[in-house]
Amino acid sequence: MVIKKAQFTISSPTVNQCPQDNKPEYAFIGRSNVGKSSLINMLCNHKGLAKTSATPGKTLLINYFIINNEWYLVDLPGYGYAQRSKTTQQKIRQMIESYVLQRQQLTNLFVLIDIRLEQQKIDREFIDWLGQSQIPFTIIFTKADKLSKSKALASVTKWMEALKDTWDELPPYFVTSSAKGIGKDEVLDYIEKINQDLYSGEPEKE
């Protein structure tokens, strides 16, 4: 897939205020500082598309970007930021849960994991919850350029192996680097394949 057009659409404070059309939505989520904005900008060939922490207010909203006028890329608030107040943390958790569980247009959720870190409790609990809730999701390991290829492979292998204590079938995953453009084509082709499968099941328009 080639992204020819990526444009900010809306920032929604609640799932009820998200766009009303039925375009497929691919949402991105992860812990604070996992490199989510950089990844989105890299995928879309647009350095300033997703704002970083320079605009804190934006991180508390569900941000929509229309891609090629065909599907939405959804930037969800980051989780696990300890410096936020408990009230704000609870608000974000409710926003995330309501979007993930209620949004029928959600086609796939990409969960971002820092490839340099061992499996964190908060990430594991979130992924287990997605599995229990039967939400389609894919793991994206970020910042692969920060490790050698062998260490990156070892880290990913260890992370995925740790899921086997409760997961019979492991979720799909990609390894990426926003700085080096690693994984860009693979992620976009993955989205394109899902979209093709979605539309191939629709009746032909007259």
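Residues numbered from 1 in each chain as written. Predicted model: local features only at pLDDT ≥ 70, side-chain atom pairs only at ≥ 80, totals over all residues. Heavy atoms only, no water.

Student: Looking at this structure, how should I read the sheet that holds strand E5 (residues 106–114)?
Tutor: Read across the open sheet, the seven strands follow the order E1-E3-E4-E2-E5-E6-E7; overall the sheet is mixed. Only two strands of the sheet have a single neighbouring strand rather than two, namely strand E1 (6–12) and strand E7 (173–175). When strand polarity is set aside, the average angle formed by the axes of neighbouring strands in this sheet is 25°. Against the sheet, helix H3 (residues 121–132) contacts strand E2 (25–30), E5 and strand E6 (137–142), and its axis sits at roughly 160° relative to E5. Those strands touched by helix H5 (residues 184–200) are E2, strand E4 (71–75), E5, E6 and E7, and its axis lies near 165° from that of E5. (Pairing = 2+ DSSP bridges. Helix = DSSP H or I, 4+ residues; strand = E, 2+ residues; numbered from the N terminus. Axes fitted to C-alpha atoms, helices over the stretch in contact; angles between N-to-C directions. Contact = heavy atoms within 4.5 Å.)

Student: How do you make sense of the packing of aromatic side chains when you look at a structure like this?
Tutor: When we look at a pair of aromatic rings, we describe it by the centre distance and by the angle of the planes. Tallying each qualifying case throughout the model produces 11 aromatic pairs. Judged by centre distance (5.7 Å) and plane angle (65°), the ring pair of Phe-8 and Phe-65 falls under edge-to-face. Taken together, the residues Phe-8 in strand E1 and Phe-65 in strand E3 (residues 62–67) connect sequence positions 57 residues apart. The class for Phe-65 is buried, based on a relative accessible area of 3%. Note on Phe-137 and Trp-167: the rings are 5.8 Å apart at their centroids and 75° apart in plane angle, and the pair reads as edge-to-face. Here Trp-167 lies in the loop between helix H4 (149–162) and E7 and Phe-137 lies in strand E6, a separation of 30 residues in the sequence. Neither residue differs from the other here; Phe-137 and Trp-167 are each classed as buried. An aromatic cluster is present here, built from Phe-28, Phe-110, Phe-174 and Tyr-190 joined pairwise through their rings. (Phe/Tyr/Trp six-rings, centres within 6.5 Å; stacked < 30°, edge-to-face > 60°. Buried < 20%, exposed > 50% of the residue type's maximum accessible area, 1.4 Å probe, protein only.)

Student: Before we go on, may I ask you to explain the packing of helix H2 (residues 86–102) against H3 in this structure?
Tutor: At a minimum axis separation of 11 Å, H2 and H3 run at an interaxial angle of 30°. Between H2 and H3, the interaxial angle falls into the category roughly parallel. The way H2 lies across H3 gives a crossing that is right-handed. Only Phe-126, Trp-129 and Leu-130 of H3 make contact with H2, whose side of the interface consists of Ile-96, Glu-97, Val-100 and Leu-101. For the contact of H2 with H3, the residue count by class is six nonpolar, no polar and one charged. (Parallel < 35°, antiparallel > 145°, perpendicular 65-115°, else oblique. Left-handed = near helix turned anticlockwise from the far one by under 90°. Nonpolar A, V, L, I, M, F, W, Y, C, P; charged D, E, K, R; others polar.)

Student: Teacher, can you tell me more about the pattern of salt bridges here?
Tutor: Pairing between side chains becomes possible if they bear opposite charge and their charged atoms approach one another. Here the structure, examined in full by the defined rule, presents 12 salt bridges. Note that Glu-118 and Lys-158 form a salt bridge whose closest N and O atoms lie 3.1 Å from each other. With Glu-118 in the loop between E5 and H3 and Lys-158 in helix H4, this residue pair connects regions lying 40 residues apart in the sequence. Accessibility expressed as a relative area gives 55% for Glu-118, which makes it exposed. (Salt bridge = Lys/Arg side-chain N within 4 Å of Asp/Glu carboxyl O.)

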